[in-house]
2 protein chains.
Amino acid sequence: MSNSKLYKGSLNTIILKLLDEQGKMYGYEITQKVKLLTKGELKITEGALYPALHKLEAEGLLDVEVAKVDNRLRKYYKLTEQGEKETVNRLAELEEFIRSMQNLVNPDWSIN
Amino acid sequence: MSNSKLYKGSLNTIILKLLDEQGKMYGYEITQKVKLLTKGELKITEGALYPALHKLEAEGLLDVEVAKVDNRLRKYYKLTEQGEKETVNRLAELEEFIRSMQNLVNPDWSIN
DNA sequence: CAAATATACCTAAAAATCTTATGCATAAGA
DNA sequence: TCTTATGCATAAGATTTTTAGGTATATTTG
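Residues numbered from 1 in each chain as written. Chains lettered and ligands numbered in written order. Predicted model: local features only at pLDDT ≥ 70, side-chain atom pairs only at ≥ 80, totals over all residues. Heavy atoms only, no water.

For chain A, the count of helices and strands is 4 helices and 3 strands. Counting only residues that meet the buried cut, chain A has 38% of its 112 residues in that class. For chain A, long-range pairs separated by at least 24 residues make up 49% of all intrachain contacts whose partners lie at least 6 apart in sequence. Entry remark: accessible area of chain A is about 6,200 Å², with carbon and sulfur atoms responsible for 48%. (Helix = DSSP H or I, 4+ residues; strand = E, 2+ residues; numbered from the N terminus. Buried < 20%, exposed > 50% of the residue type's maximum accessible area, 1.4 Å probe, protein only. Contact = heavy atoms within 4.5 Å. Areas by Shrake-Rupley, 256 points an atom, 1.4 Å probe, with all protein chains shown as cover.)

Residues and elements named next belong to chain A. With the rule as written, the count across this model stands at 2 aromatic pairs over all chains. A centroid spacing of 5.3 Å and a plane angle of 80° characterise the contact between tyrosine 26 and tyrosine 76, whose relative ring orientation is edge-to-face. Placement of tyrosine 26 in strand 1 (residues 24-26) and of tyrosine 76 in strand 3 (residues 72-79) is noted, with a sequence separation of 50 residues between them. Take tyrosine 26 and tyrosine 76: they sit in the same class, and that class is buried. Across from the ring centre of tyrosine 76, 4.6 Å away, lies the NZ or CZ of lysine 24, which sits over that ring. (Phe/Tyr/Trp six-rings, centres within 6.5 Å; stacked < 30°, edge-to-face > 60°. Lys NZ or Arg CZ within 6 Å of the ring centre and 35° of its normal.)

Taken together, 27 residues sit near DNA strand D, with A:Tyr26, A:Tyr28, A:Tyr50, A:Lys75 and B:Thr45 positioned nearest. In DNA strand D, atoms within 4 Å of the protein come 73% from sugar and phosphate. Between DNA strand D and A:Arg74 there is a distance of 2.9 Å, counted from a phosphate oxygen to a side-chain nitrogen or oxygen. Within the side chain of B:Asn71, a nitrogen or oxygen atom sits 3.3 Å from a sugar or linking oxygen of DNA strand D. Residue assignment for the surface near DNA strand D shows that the elements contributing at least two residues are helix 2 (27-37), helix 3 (46-58) and strand 3 of chain A together with helix 3 (46-58) of chain B. The biggest single contributor to the surface near DNA strand D is helix 3 of chain A, with 5 residues. Partitioned by chemical class, the residues of the surface near DNA strand D number 8 nonpolar, 9 polar and 10 charged. (Near = heavy atom within 4 Å. Polar contact = N/O pair within 3.5 Å; in protein donor to acceptor, adjacent residues only side chain to side chain. Nonpolar A, V, L, I, M, F, W, Y, C, P; charged D, E, K, R; others polar.)

Without other data, these values stay purely geometric and don't point to any function.
Okay, structure coming up:
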């Protein structure tokens, strides 16, 4: 959507956060979950998601587990131990960033 | 810094917002203002800022006015009429985005 | 006073990240 | 049966940023 360009750089953190609270998820599920949680505001495209998942796996932050449901493939991802630690750090950074942006965009916001 | 990658896509909106509330600013001033407002969290690099300013000008959202202070050049930018309208739209989008991110990252946030 | 830092502009190459456009395959719904 | 939904994937292109330079003047510091 028109906003989609704004979340550049935060996709990885969003993935980690979702896996942290959901335990394990597969790619397609993540796209739907984000769409739902943001009421359609954010749409994770598959061209961005799958490479991101592969990269996080390569970095040792995610583990994969392949499953077959209804004769269709699913790749479940979950956080590794290292992934859990990283998630804490990245979430803290993202929260700080969001606060900074709030403060820039609308300083009165925090008083709401 | 470590967070800097997170604000991808929002630089233009930040510029517009600052010009909206400050009236007119020059490039270097913008970098310092952002550093100040975010307590060093966000650092606008010049390699990103100047091309962004030139682009916004080319799009007709900004006007320039050159000045010489202490024998040094300054290029003051201010919003055009069209720029003011665009600022309203982009700010609304950015706020929506921030709300979405808050909801994803920390749903309890809004109750603070 | 010399050197470093701050102020002030700029650009180009590279890196990072995302969109768009495909491709393949199965299941479900119209 | 045709379209939509589910599920994976990659490649080319676009966008945006970092990094790394460049030029020049003013101020501060040792």
